[in-house]
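Next come the chains, spelled out residue by residue.
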Amino acid sequence: MPEGHSIHRLARQLGDLFTGQRLSVSSPQGRFSAGAQLLDGRVLTRARAHGKHLYLDFAAPQDPQDVLVMRSHLGIYGAWSFVGDETSAAASSIGAPRRVGERESGSSQAPAVAHDDAGRVVPEAPVGAVRARLAGEHGWADLRGPALCAVETPEEARAAEAKLGPDPLDPDADPAPFLAKAGRSRRAIGVLLMEQDVVSGIGNIFRAESLFRRGVNPMTPGTSLTPEDLRGLWDENVALMDVGVRVGRIITTDPEDRPGIPESEAWPEHANYVYHRHGQDCLRCGATVLKKDLNGRGLYWCPVCQA
DNA sequence: TAAAAATGAGGAA
DNA sequence: TCCTCCTTTTTAG
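In short, a report on the structure. For clarity, every value in this text was computed on a predicted model and none was experimentally measured.

Thresholds, definitions, all that
- Residues numbered from 1 in each chain as written.
- Chains lettered and ligands numbered in written order.
- Predicted model: local features only at pLDDT ≥ 70, side-chain atom pairs only at ≥ 80, totals over all residues.
- Heavy atoms only, no water.
- Helix = DSSP H or I, 4+ residues; strand = E, 2+ residues; numbered from the N terminus.
- Buried < 20%, exposed > 50% of the residue type's maximum accessible area, 1.4 Å probe, protein only.
- Contact = heavy atoms within 4.5 Å.
- Polar contact = N/O pair within 3.5 Å; in protein donor to acceptor, adjacent residues only side chain to side chain.
- Near = heavy atom within 4 Å.
- Nonpolar A, V, L, I, M, F, W, Y, C, P; charged D, E, K, R; others polar.
- Salt bridge = Lys/Arg side-chain N within 4 Å of Asp/Glu carboxyl O.
- Pairing = 2+ DSSP bridges.
- Axes fitted to C-alpha atoms, helices over the stretch in contact; angles between N-to-C directions.

1. Observations regarding the environment of Asp167
Move 1: Among the secondary structure elements, Asp167 is positioned in the loop between α3 (154-162) and α4 (176-183).
Move 2: For Asp167, a relative accessible area of 2% corresponds to the buried category.
Move 3: When sequence neighbours within four positions are dropped, the list of residues in contact with Asp167 reads His8, Ala49, His50, Gly51, Ala173, Ser200 and Trp234.
Move 4: At a separation of 2.8 Å, a polar atom in the side chain of Asp167 contacts the main-chain amide nitrogen of Leu169.

2. A look at the protein's contact with DNA strand C
Move 1: Around DNA strand C sit ten residues, and of these Gln29, Arg31, Tyr77, Arg131 and Gly145 come closest.
Move 2: At the protein interface, 67% of the atoms of DNA strand C within 4 Å belong to sugar or phosphate.
Move 3: Here the residues of the surface near DNA strand C are counted per class, giving two nonpolar, three polar and five charged.

3. A short note on the pattern of salt bridges
Move 1: Summed over the entire model, instances satisfying the criterion amount to 14 salt bridges.
Move 2: Across the pair Arg214 and Glu236 runs a salt bridge whose closest N-O atoms are separated by 2.8 Å. Linking Arg214 in the loop between α6 (204-213) and α7 (227-247) with Glu236 in helix α7, this pair joins segments that are 22 residues apart in sequence.
Move 3: Between Arg284 and Asp254 there is a salt bridge, with its nearest N and O atoms 3.3 Å apart. Of this pair, Arg284 sits in the loop between α7 and β11 (290-294) while Asp254 sits in the loop between α7 and β11, and the two are 30 residues apart along the sequence.

4. Digging into the pairing of strand β2 (residues 43-50)
Move 1: Pairing of β2 with strand β3 (residues 53-60) involves seven bridges; the strand directions are antiparallel. Across the sheet, Leu44 pairs through a bridge with Phe58, a residue of β3.

5. Brief notes about the sheet that holds strand β4 (residues 63-73)
Paired through their backbone hydrogen bonds, the strands of a sheet run either parallel or antiparallel.
Move 1: The strand order across the open sheet formed by four strands is β2-β3-β4-β10, and the pairing between neighbours is antiparallel. Since the sheet does not close on itself, it has two edges, and those belong to β2 and β10 (148-152), each with one partner. Across the sheet, the mean angle from the axis of one strand to that of its neighbour is 20°, orientation sign disregarded.
Move 2: In terms of strand pairing, β3 meets β4 through eight bridges, oriented antiparallel.

6. Let's talk about the sheet that holds strand β9 (residues 139-144)
Move 1: In space, the six strands of this open sheet follow the order β1-β8-β9-β5-β6-β7, with antiparallel pairing throughout. Both edges of this open sheet fall to β1 (24-26) and β7 (105-106), since each of them pairs with a single strand only.
Move 2: Alignment of β1 against strand β8 (residues 130-135), held across three bridges, turns out to be antiparallel. Along β8, the bridge assignment pairs Val25 with Leu134.
Move 3: Packed onto the sheet, helix α1 (residues 4-18) meets β5 (79-84), β6 (92-95), β8 and β9 and runs at close to 30° relative to β5.

Shown next as structure tokens:
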């Protein structure tokens, strides 16, 4: 899936494009028709992310206290795509990549978009299975393939959020619950980092890469790690996910480990240390990177650097 | 055409 | 430990 950094970028982009506007909300595919009807014509007042969950607050135009929350989760396939006119961001897409190392798609050039007499863009016919479409003054956004897309009361949304562990991308996050939960669990740290009620927003790549960078074997039980080890893993994820938010892509290697390759170039084979690099030489020590299945997901690690 | 793969997660067994 | 759901793109036959 798009890991937490993608969802935070989505929150920012949706907020930039739509905040303060009355939106047309629809479900061209039909599977979100009831929810879309509840939101149609409301005003987007806030867009934010916690872990991999996206929260969009919609207020009634006449009553700011009357708020409904659209909560969505992309799962492993979901993605949002955007089309906007010249006053907004150009066309782009954020969500599930279809190839390893694929970056967010996006053109710097604004596409030709039609406007109505009032100056609002006229959305084009939806392509494929569009679960939800949000249309505003300067563009529209299509959501495809989410694992979850629901309309909730603010209380319901808060209850769902309360189940999530701290998010490394939240500047105000308190890592204490993560340190406590992980530190008293005998389960492997490689499993714990993916548990969203332990820590939220980390997916398969950040798990593999943060463990590599800290030299921690993924199968180490949480109880065998010191508080300093766990704090180090938290800090590592804060740093890596922050880069992900800024760049729009998961880049976890240090410059000295990708010699001769400028930042601006595509270098999927050197963007990560171990993720999807099984069978290849470790960028640091030359040992063969390993892969095994752990709870149905690929786990990648260097047996020497992470002994 | 069909199948496989992809940065999840919830629930049954 | 399975099984299932969600969608698009790429690869295989």
